[in-house]
Amino acid sequence: MDQLEAVQLDPVSVVEKNHHLVLMNRIKEYSVTNYTDALGEKRAFEYFANAACLLPMKDYPLLKGKRVRLQEQWRGERGNYRESIADILDRLQQEGPLPATAFLAERKVVGGWDHPTRASTKETTHALRILFECGDIQVSGREKSIRHYARTDQWIPEAIQKEADMISIEEADALLMDKYLRAYRLFDARDPRLGWQKLNAQARKETLAERKRKRELFEVQIEGVDRPYYVLEADAEQLVACEHADVHEHVRFLSPLDNLLWRRERVEELFDFFYRWEIYVPKTKRMYGPYTMPVLVGDTLIGKVDPYFDRANGRLYMTTYEGVGENDMVVSALEKFAQSLGARELTITTAER
């Protein structure tokens, strides 16, 4: 977690959830229980960075500005659910961490994914969302797809709460920008997620220009790419050394929200590799499949695979593209990937695009 800075969360589980796949690619003996252990042992927490993410607990104070801004956004609507919110906080105070299913309400309201004219979200579910985004409660654990919640004042370690109370929003935002830069390592001013703070285009340019002036960043010119990229000053020497470094030919199947793929334009410009996550594209308009995964061999993206895991029958179906299925090393890695998912059988087919 310290090395990645953040791992993006996503509930889609065509083969496995994104956060588990990201960690499986980087930790040889990773188990899904490691995730819940990190939450339960208070070594990590969930909140918004690149999107909804798992973050090291020590970084809780850095999200102060984001929490305050969300509190302001929810201020007006929060009053509409005063009773539900009070009931949730009181029960968590008295009973300790509870699953989301412990809070049931018959009344339906318009939630985040609802059509504005169609109320289909339980009021308690909406109230939990407000409390989480405002920082009043924390995800204390997960049981399959069910979140467990605890009051922030009872869950976040006291020393870290004190640090969050004392830090200014300006200092927190600056440290969050540092965290973003470490997470991306190679970045540009056009990224609307720069600093994870919703800065406008001018603010993004000025932020990087000021840091370049202070020699905290170095500009990187990439052959064939018009836009300038930047790296941290501490990374410049390592970047130069990489030009002559030996690359281990490991095979990795990257989930759609893997950290390497966070900025699609960067992937295309650095690797000459176009990738789009097609899960929200109508089936008839897809070029590949709903959960197509790029294949990384060493430092080269060589093609794509489209997986589907039939858990009930223990079979992993894998469609390969761009000649990937003819690569013996990739086929061997697919077999290991199937084993890591718990599949008993693997079926590989090839397709052309």
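Residues numbered from 1 in each chain as written. Predicted model: local features only at pLDDT ≥ 70, side-chain atom pairs only at ≥ 80, totals over all residues. Heavy atoms only, no water.

> Please set out helix 3 (residues 64–78) residue by residue, giving values where relevant.
At Glu72, helix 3 shows its largest kink, close to 30°. Inspection of helix 3 places Lys64, Gly65, Lys66, Arg67, Leu70 and Trp74 among the buried residues, and these make up the whole buried set. In this fold, the buried residues of helix 3 make contact with strand 2 (44–48), helix 5 (123–133), helix 7 (158–166) and helix 8 (169–184). (Bend = angle between axes of the 7 residues up to and from the residue. Helix = DSSP H or I, 4+ residues; strand = E, 2+ residues; numbered from the N terminus. Buried < 20%, exposed > 50% of the residue type's maximum accessible area, 1.4 Å probe, protein only. Contact = heavy atoms within 4.5 Å.)

> Tell me what's going on with the packing of aromatic side chains, and back it up with residues and numbers.
All chains considered together, the criterion is met by 13 aromatic pairs. Ring centres of Phe45 and Tyr60 lie 5.6 Å apart, and the angle between their planes is 75°; this geometry places the pair in the edge-to-face category. Of this pair, Phe45 sits in strand 2 while Tyr60 sits in the loop between strand 3 (52–56) and helix 3, and the two are 15 residues apart along the sequence. Taken together, Tyr180, Tyr184, Trp196 and Trp262 form an aromatic cluster joined through their ring pairs. (Phe/Tyr/Trp six-rings, centres within 6.5 Å; stacked < 30°, edge-to-face > 60°.)

> I'd love a proper account of the sheet that holds strand 10 (residues 217–220), names of residues and values included.
The antiparallel open sheet is built from three strands, whose spatial order is 9-11-10. Edge strands, defined here as strands with exactly one partner in the open sheet, are strand 9 (186–187) and strand 10. Along the sheet, helix 9 (residues 201–213) makes contact with strand 9, strand 10 and strand 11 (229–232), crossing strand 10 at roughly 110°. (Pairing = 2+ DSSP bridges. Axes fitted to C-alpha atoms, helices over the stretch in contact; angles between N-to-C directions.)

> Outline the nonpolar core, supporting the account with residue identities and numerical values.
Ranked by size, the top nonpolar core spans 60 residues in total, and within it Leu55, Ile137, Tyr180, Leu181, Phe187, Trp196 and Leu208 carry the most contacts. Top element by residues in this core is helix 8. It accounts for six residues. Residue contacts for Trp196: discarding those within four places in its chain leaves Ala6, Ala49, Asn50, Lys66, Leu176, Lys179, Tyr180, Ala183, Tyr184 and Trp262. Listed in part, the 32 residues of the second largest apolar core include Leu21, Leu257, Tyr291 and Leu316. (Core = buried A, V, L, I, M, F, W, Y, C linked by side-chain atoms within 4.5 Å.)

> Which residues make up unusual backbone geometry, and what are the values?
Across the chain, the bulk of peptide bonds are trans and the bulk of non-glycine residues have phi less than zero. Despite not being glycine, Trp196 has its phi angle at roughly 55°, a positive value. Residue placement: Trp196 occurs in the loop between strand 9 and helix 9. You will see that Asp272, though not glycine, has its phi angle at about 50°, which is positive. As for its position among the elements, Asp272 is in the loop between helix 11 (264–271) and strand 13 (293–297). With a relative accessible area of 72%, Asp272 lands in the exposed category.

> Explain helix 2 (residues 32–40) to me, using residue names and the numbers behind them.
For helix 2, the full list of buried residues reads Tyr35, Ala38 and Leu39. For helix 2, the angular spread of the buried residues around the axis is 100°, confining them to a single face. The inward-facing, buried residues of helix 2 abut helix 1 (18–24), strand 2, strand 3, strand 7 (137–143) and helix 6 (152–155). Just past helix 2, the residue Lys42 takes up positive phi, approximately 60°. (Arc of directions from axis to C-beta.)

> Report on the pattern of salt bridges, specifying residues and quantitative values.
Per the counting criterion, the structure on display carries 29 salt bridges. Across the salt bridge formed by Asp258 and Arg26, the nearest N and O atoms sit 2.9 Å from each other. One end of the pair, Asp258, is in the loop between strand 12 (251–253) and helix 11; the other, Arg26, is in the loop between helix 1 and helix 2, with 232 residues separating them in the sequence. What makes Arg26 partly exposed here is its relative accessible area of 38%. For Arg227, the salt bridge identified is with Glu269, shortest N-O distance 3.2 Å. Here Arg227, found in the loop between strand 10 and strand 11, pairs with Glu269, found in helix 11; they are 42 residues apart in sequence, far enough to count as distant. On the accessibility criterion, Arg227 (11% relative accessible area) is buried. When its relative accessible area of 26% is taken as the criterion, Glu269 is described as partly exposed. (Salt bridge = Lys/Arg side-chain N within 4 Å of Asp/Glu carboxyl O.)

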